[in-house]
Amino acid sequence: MLLSAEHLSINFGMRQLLEDVSFYLNPGDRVGIIGINGTGKSTFLRVLAGQLEPDGGKVSRDPNVQLSFLSQNPNMDENATVLQQVFMQQPEEFREIHEYEAKTILSKLGLANFEQKIGSLSGGQKKRVALASALIHPADVLILDEPTNHLDA
């Protein structure tokens, strides 16, 4: 098992979003979580990614599993270039090794100007930069929260 959540309870203020929820992710699994707005999907994904503690229950991860998380509204430095943003959370030596791969991913996502400032991008372009950031990180588990939000056809 790569990732498990057992008996999770998650509250948002006084509102109970999830109660006694269990979830198991095995190698090869592809899972989609659907529901109406405000039901706690993003909060649940943040708990699975380890960015938020549940109010009850336990999340476990295989210690050798690498996880990459794309939040619904990723933080971006408006003054950074596209390429700088992709590597924002990575050490310099990681960038040196993976720069060609990052440029390839960005090009496939329709972003060929690697020196363009984040502040000049549309919402969809920013989302594609964030997606490239999540994909460049070596991961066994990708948790993508609304990865196609703001993207046009």
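Here the structure is shown first, and the text comes after it.
The rules we used
- Residues numbered from 1 in each chain as written.
- Predicted model: local features only at pLDDT ≥ 70, side-chain atom pairs only at ≥ 80, totals over all residues.
- Heavy atoms only, no water.
- Pairing = 2+ DSSP bridges.
- Helix = DSSP H or I, 4+ residues; strand = E, 2+ residues; numbered from the N terminus.
- Axes fitted to C-alpha atoms, helices over the stretch in contact; angles between N-to-C directions.
- Contact = heavy atoms within 4.5 Å.
- Patch = residues over 30% accessible without salt bridge, like charges linked within 9 Å, V, L, I, M, F, W, Y side chains within 5 Å.
- Areas by Shrake-Rupley, 256 points an atom, 1.4 Å probe, with all protein chains shown as cover.
- Salt bridge = Lys/Arg side-chain N within 4 Å of Asp/Glu carboxyl O.
- Buried < 20%, exposed > 50% of the residue type's maximum accessible area, 1.4 Å probe, protein only.
- Expected span 1.5 Å × (residues − 1).

Asks: How do you make sense of the sheet that holds strand β2 (residues 15-25) when you look at a structure like this?
Replies: Strand pairs in the sheet, formed through backbone hydrogen bonds, run parallel or antiparallel to each other. A sheet is described by the order of its strands in space; here three strands give the open sequence β2-β1-β3, paired in antiparallel fashion. A single partner strand is all that each edge strand has here, and the edge strands are β2 and β3 (56-61). Within this sheet the neighbouring strands show an average axis-to-axis angle of 20°, counted without direction. The sheet contact formed by strand β1 (residues 3-12) and β3 spans five bridges and is antiparallel. By the bridge assignment, A5 is partnered in β3 with V59. Running at roughly 135° to β1, helix α1 (residues 41-48) makes contact with β1, β2 and β3 of the sheet.

Asks: In this structure, what is going on with a nonpolar patch on the surface? I would like to understand it.
Replies: Taken together, L135, L142 and L144 make up a surface patch of nonpolar side chains, about 220 Å² in accessible area. The residue L144 is located in strand β5 (residues 141-144) in this model.

Asks: Teacher, can you tell me more about the pattern of salt bridges here?
Replies: Oppositely charged side chains may form a pair once their charged atoms are brought near each other. Counting across every chain of the model gives three salt bridges. Between E99 and R95 there is a salt bridge whose closest N-O contact spans 3.5 Å. Residue E99 and its partner R95 are both found in helix α3 (residues 92-108); the two are separated by four residues, about one turn of the helix. Of the residues examined, E99 reaches a relative accessible area of 24% and is grouped as partly exposed.

Asks: Which parts of the structure should I look at to understand helix α4 (residues 123-136)?
Replies: Because an α-helix packs 3.6 residues into every turn, residues spaced three or four apart end up facing the same way. Relative to the 20 Å expected for 14 residues at 1.5 Å per residue, α4 spans 20 Å between its end C-alpha atoms, a close match to the ideal helical length. Residues of α4 that are buried: G124, K127, V129, A130, L131, A132, S133, A134 and I136. Where α4 is buried, its residues meet β4 (67-70), α2 (82-86), α3 and β5.

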